[in-house]
Amino acid sequence: MLSLLDRISLLENDLKAVPPRITVHHDLPFAILRYEPKEEWDVRREAKRLATRMSDCGKEVVTISLAELLWKAIAAAEGLDSIVELEREQGFEAAQEQVNIYLSDQDWCPLPDLLAQRLKALDPQRHIVFLLRSASMAPAIYQMSKLLDEMQGKTRIATILFYPGTLEGTTGLRMMALKNREAMGNYRVKIYG
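Every chain begins its residue count from 1, and numbering advances along the sequence as written. Thresholds applied to this predicted model are a pLDDT of at least 70 for local features of residues and 80 or more for the giving and counting of side-chain atom pairs; totals over whole chains, interfaces and linings are not thresholded and use all residues. Hydrogens and water molecules were not included; the side-chain quantities draw on all heavy atoms of the structure.

Draft legend 1. Inspection of the overall build of the chain at higher detail. Labels follow the DSSP assignment, with helices taken as runs of H or I lasting at least four residues and strands as runs of E lasting at least two, numbered in each case from the N terminus. Per the secondary structure count, the chain includes 7 helices and 6 strands. Going residue by residue from the N terminus, the α and β elements of the chain occur as α-β-α-β-α-α-α-α-β-α-β-β-β. Relative accessibility under 20% of the residue-type maximum defines a buried residue, over 50% an exposed one, and the middle range a partly exposed one, all with a 1.4 Å probe and only protein chains included. Looking at the 193 residues of the chain, the share that counts as buried comes to 48%. Sequence separation of at least 24 residues holds for 75% of the intrachain contacts in the chain that already meet a minimum separation of 6. Counting every atom, the chain has about 9800 Å² of accessible surface; 50% of that belongs to carbon and sulfur. Contact between two residues is taken to exist if any of their heavy atoms lie within 4.5 Å; hydrogens are not considered. The method behind every accessible area is Shrake-Rupley, applied with a 1.4 Å probe, and residues are considered shielded solely by the protein chains displayed.

Draft legend 2. Region of interest: unusual backbone geometry. Cis geometry is adopted by the peptide bond preceding P19, which originates at V18 and carries an omega value of -5°. Looking at the secondary structure, you find P19 in the loop between helix 1 (4-16) and strand 1 (30-35). Residue R133 is not a glycine yet carries a positive backbone phi of 65°. Tracing the sequence through the fold places R133 in the loop between strand 3 (127-132) and helix 7 (144-151). Here R133 falls in the partly exposed class, since its relative accessible area comes to 38%.

Draft legend 3. Expanded view of the packing of aromatic side chains. The criterion for an aromatic pair is that two Phe, Tyr or Trp rings (for Trp, the six-membered ring) have centres within 6.5 Å, with stacked assigned to planes under 30 degrees apart, edge-to-face to planes over 60 apart and tilted to the rest. In this structure the tally under the stated criterion is 2 aromatic pairs. Here the aromatic rings of F130 and F162 are separated by 5.0 Å at their centres, their planes lie at 65°, and the arrangement is edge-to-face. Note that F130 is positioned in strand 3 and F162 in strand 4 (residues 158-168), a separation of 32 residues in sequence. Classification of F162 by relative accessible area gives buried; the value is 2%. Sitting above the plane of the W41 ring, R44 keeps its charged end 4.4 Å from the centroid. Lysine and arginine charges are scored as sitting over a ring when NZ or CZ, respectively, is within 6 Å of the ring centre and within 35 degrees of the ring normal.

Draft legend 4. Geometry of a nonpolar patch on the surface. A surface patch of nonpolar side chains, amounting to about 270 Å² of accessible area, comprises W71, L80 and V84. Mapped onto the secondary structure, V84 falls in helix 4 (residues 80-90). Using a relative accessible area of 31% as the deciding quantity, one classes V84 as partly exposed. Patch members must show over 30% relative accessible area and no salt bridge, and they are joined within 9 Å when carrying like charges or within 5 Å when they are nonpolar side chains of Val, Leu, Ile, Met, Phe, Trp or Tyr. Just to be clear on terms, a salt bridge is a Lys or Arg side-chain nitrogen sitting within 4 Å of an Asp or Glu carboxyl oxygen.

Draft legend 5. Examining the pairing of strand 1 more closely. Of all the 6 residues making up strand 1, 6 are buried; the element is thus mostly covered by neighbouring parts of the structure. Of the two faces of strand 1, the one carrying F30, I32 and R34 and the one carrying A31, L33 and Y35 are both buried.

Draft legend 6. Quick look at the nonpolar core. We call a set of buried Ala, Val, Leu, Ile, Met, Phe, Trp, Tyr and Cys residues a nonpolar core when their side-chain atoms join them within 4.5 Å. Among the nonpolar cores identified, the biggest contains 37 residues, and L66, L103 and M137 are the most heavily contacted of them. Secondary-structure elements contributing two or more residues to this core are strand 1, strand 2 (60-65), helix 3 (66-76), helix 5 (92-104), helix 6 (111-120), strand 3, helix 7 and strand 4. Once residues within four sequence positions are removed from consideration, M137 is found in contact with L66, L70, L103, L111, Y142 and M144. Membership of the second largest hydrophobic core comes to 21 residues, among which are L33, A47, A158 and Y192.

Draft legend 7. Representation of the pattern of salt bridges in the model. Per the counting criterion, the structure on display carries 14 salt bridges. For E12, the salt bridge goes to R53, with nearest N and O atoms at 2.8 Å. You can see E12 sitting in helix 1 and its partner R53 sitting in helix 2 (residues 40-56), a full 41 residues away along the chain. Take E12: its relative accessible area is 10%, and that puts it in the buried class. The partly exposed category is assigned to R53, whose relative accessible area is 28%.

Draft legend 8. Broad picture of the packing of helix 1 against helix 2. Note on definitions: angles span 0 to 180 degrees between N-to-C directions of axes, and those axes are lines fitted to C-alpha atoms, for helices only across the stretch in contact. The interhelical angle for the contact between helix 1 and helix 2, taken along N-to-C directions, is 25°, at an axis separation of 11 Å. Relative to helix 2, the element helix 1 is oriented roughly parallel. Two packed elements cross with a definite hand, and for helix 1 against helix 2 that hand is right-handed. Within the contact between the two elements, helix 1 uses L4, L5, I8, L11, E12, L15 and K16 and helix 2 uses D42, V43, E46, L50, R53 and M54. Per-class residue counts for the contact of helix 1 with helix 2 are 8 nonpolar, no polar and 5 charged. When an angle is under 35 degrees it counts as roughly parallel; over 145 it counts as roughly antiparallel; between 65 and 115 it counts as roughly perpendicular; any other value is oblique. Definitions for this section: a left-handed crossing has its near helix turned counterclockwise from the far helix by less than a right angle. A right-handed crossing has that turn clockwise. When residues are sorted by character, Ala, Val, Leu, Ile, Met, Phe, Trp, Tyr, Cys and Pro go into the nonpolar class, Asp, Glu, Lys and Arg into the charged class, and all the rest, Gly among them, into the polar class.

Right under this line is the structure:
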């Protein structure tokens with residue numbers, strides 16, 4: 001298995017290529033950098049370093065926190081107090097399921113729409129997006145495979161999802177290496193893992 005720095009080096013080379021080699025599908029310009037959950041702080045540091053190196057090549061990296069989008073969706077829906085009360089009354093699973101509804105249902109604040117809105121003003125020739133803090137969606141608040149599926153055709157911005165988990169097979173990813181969760185397959189993007 002490649003080290004974190006080796007995976008970042010491969011990603012960097014593919015981002016610098018003309019045209020960039022990170023995508024498998026032209027209408028889904030995403031890739032995943034998989035890392036071990038214990039590497040979280042190293043990843044954040046190395047993502048900043050990679051962003052600096054990309055700026056030296058004329059690319060501007062925009063960092064988007066999935067945790068920030070999660071809290072924005074909760075606030076725009078019924079607010080945190082509503083989720084806290086639901087958890088008190090019906091438990092964590094019910095609260096998690098409700099947040100998933102906020103992030104999935106068109107009547108609330110769908111995560112793909114929030115992300116697409118953030119990407120809308122960016123230039124595909126100049127910008128690269130790093131999606132960080134995907135662990136905020138664990139254990140089952142929102143599946144990253146679902147996010148990528150729903151983003152197909154919604155942007156042309158090269159976007160890298162930083163994913164803490166384990167790789168099983170060639171496309172199965174298990175968020176945070178949680179043993180009680182099945183590895184999610186069906187990723188149709190390049191995985192640096």
